[in-house]
Amino acid sequence: MAGSILSFRFFLYLLYAAVLTVVLLYVRFPTEKVRMYCEHRLEQVLGIERTSIAEINYHFPATVEFRKVNIGSLPADGKSNEIVIDRLRLLPTSEGFLTSWALDGKLYTGLFKAILEIQLAEKIFQIKDIKLENIDIAAVISGMPVIQREVTGGLSVSGEYKAKFDQPLTGIGNGSLHLNAGTLHLVRQILSMDEIDFEEINILWKYGESVFQIAEGKMIGPQLSADFSGTLQPPFLPPVGGLNVNGLLVPSESFLKDKPQIERLVKRLMKQYKKPAVPFRVGGTLNKPIFRLSV
């Protein structure tokens, strides 16, 4: 009898402690301290100059919400380049309290979802089932004045990523990337074009040794189609980010129809390089890409 009473009393104390903890978290959640800590850690982890979080909220029973997360850099010319996440929420899943979290967010009219799993003993984290959908590329570019040209379209990304706690940017990952219905304004003319329209761009990507690799890329458009592969070197936020991409492009018949000079150039390049299409290479950086028709 005494044992059952003690057990019941213990249960009541435990329940009281749990409820009190939740109430204190909700009423006296240390927003400012958590915000400053998160901003500092993000700057350290991502190796960037400036991060700000406008608001952090706690929601019962165990959800933390971040609003207006601004990740940016400040180039020498004073122009601020930034990425803004409108909302990001973390909530524990049924797989394990504090070791498995569901992530969801909103940015640039698109949505973000993923599962964050933490392996405490191995000091490893893994982001699984990444889904980034319907991101407005034009809105992203508008926050990066260093890119002085227009890029439009919708972006979707899927994949997974795994890394150590103390080396978050040197992990491994893979997935796919999709762009649809957009336009890329060029720094210099390519085959008399000032801009390239595309119906879709599909990329299979890998990440390892701090390098983003385009394992397989394909573009389909009304003016030309292309197959390509290559690498993007960190840091990835413009103006830096080294490009090394090469591939083959095929102008469409409708594009060449009233451009005899361009058609002759295309045939000459194919003959010169003994290729079934026109070889090209893209070097330089993200904000100043250098395009060449060559192997």
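How each quantity is defined
Residues numbered from 1 in each chain as written. Predicted model: local features only at pLDDT ≥ 70, side-chain atom pairs only at ≥ 80, totals over all residues. Heavy atoms only, no water. Helix = DSSP H or I, 4+ residues; strand = E, 2+ residues; numbered from the N terminus. Buried < 20%, exposed > 50% of the residue type's maximum accessible area, 1.4 Å probe, protein only. Core = buried A, V, L, I, M, F, W, Y, C linked by side-chain atoms within 4.5 Å. Contact = heavy atoms within 4.5 Å. pLDDT = per-residue confidence, 0-100. Pairing = 2+ DSSP bridges. Phe/Tyr/Trp six-rings, centres within 6.5 Å; stacked < 30°, edge-to-face > 60°.

Asks: Describe the environment of Phe 165, naming the residues involved and giving the relevant values.
Replies: Secondary-structure assignment places Phe 165 in the loop between strand S7 (154–164) and strand S8 (167–190). Note on Phe 165: relative accessible area 33%, which makes it partly exposed. A C-alpha to C-alpha distance of 9.6 Å links Phe 165 and Gln 119, two positions 46 residues apart in sequence.

Asks: Tell me about the nonpolar core, residues and numbers included.
Replies: Among the nonpolar cores identified, the biggest contains 61 residues, and Phe 66, Phe 112, Leu 191, Met 219 and Phe 228 are the most heavily contacted of them. Sorting elements by how many residues they give to this core places strand S9 (residues 193–208) first, with seven residues. Non-local contacts of Phe 228, meaning those with residues more than four positions away in its chain, are made with Ile 201, Ile 203, Ile 214, Glu 216, Gly 217, Lys 218, Met 219, Val 245, Asn 246, Gly 247 and Phe 280.

Asks: Summarise the confidence of the model for the protein chain; cite the residues concerned and give the values.
Replies: Averaged over all residues, the pLDDT of the protein chain is 84; the fraction at 70 or higher stands at 83%. Low pLDDT, under 50, characterises residues 1–8; the predicted model gives this stretch zero contacts beyond four residues in sequence or across chains.

Asks: Give a detailed account of the pairing of strand S12 (residues 243–251), specifying residues and quantitative values.
Replies: Where strand S11 (residues 224–232) and S12 come together, nine bridges link them in antiparallel fashion. Considered in S12, the bridge of Ser 225 is made with Val 250. Bridging between S12 and strand S13 (residues 278–284) involves five bridges; their strand directions are antiparallel. Each residue of the ladder has a partner; that of Val 245, found in S13, is Val 282.

Asks: So what's going on with the packing of aromatic side chains? Residues and values would help.
Replies: Taken as a whole and judged by the stated rule, the model has four aromatic pairs. Ring centres of Trp 205 and Phe 212 lie 5.7 Å apart, and the angle between their planes is 20°; this geometry places the pair in the stacked category. Relative to Phe 291, the ring of Phe 280 has its centre 5.5 Å away and its plane inclined at 10°; by these criteria the two rings are stacked. Note that Phe 280 is positioned in strand S13 and Phe 291 in strand S14 (residues 289–292), a separation of 11 residues in sequence. A relative accessible area of 8% places Phe 280 in the buried class.

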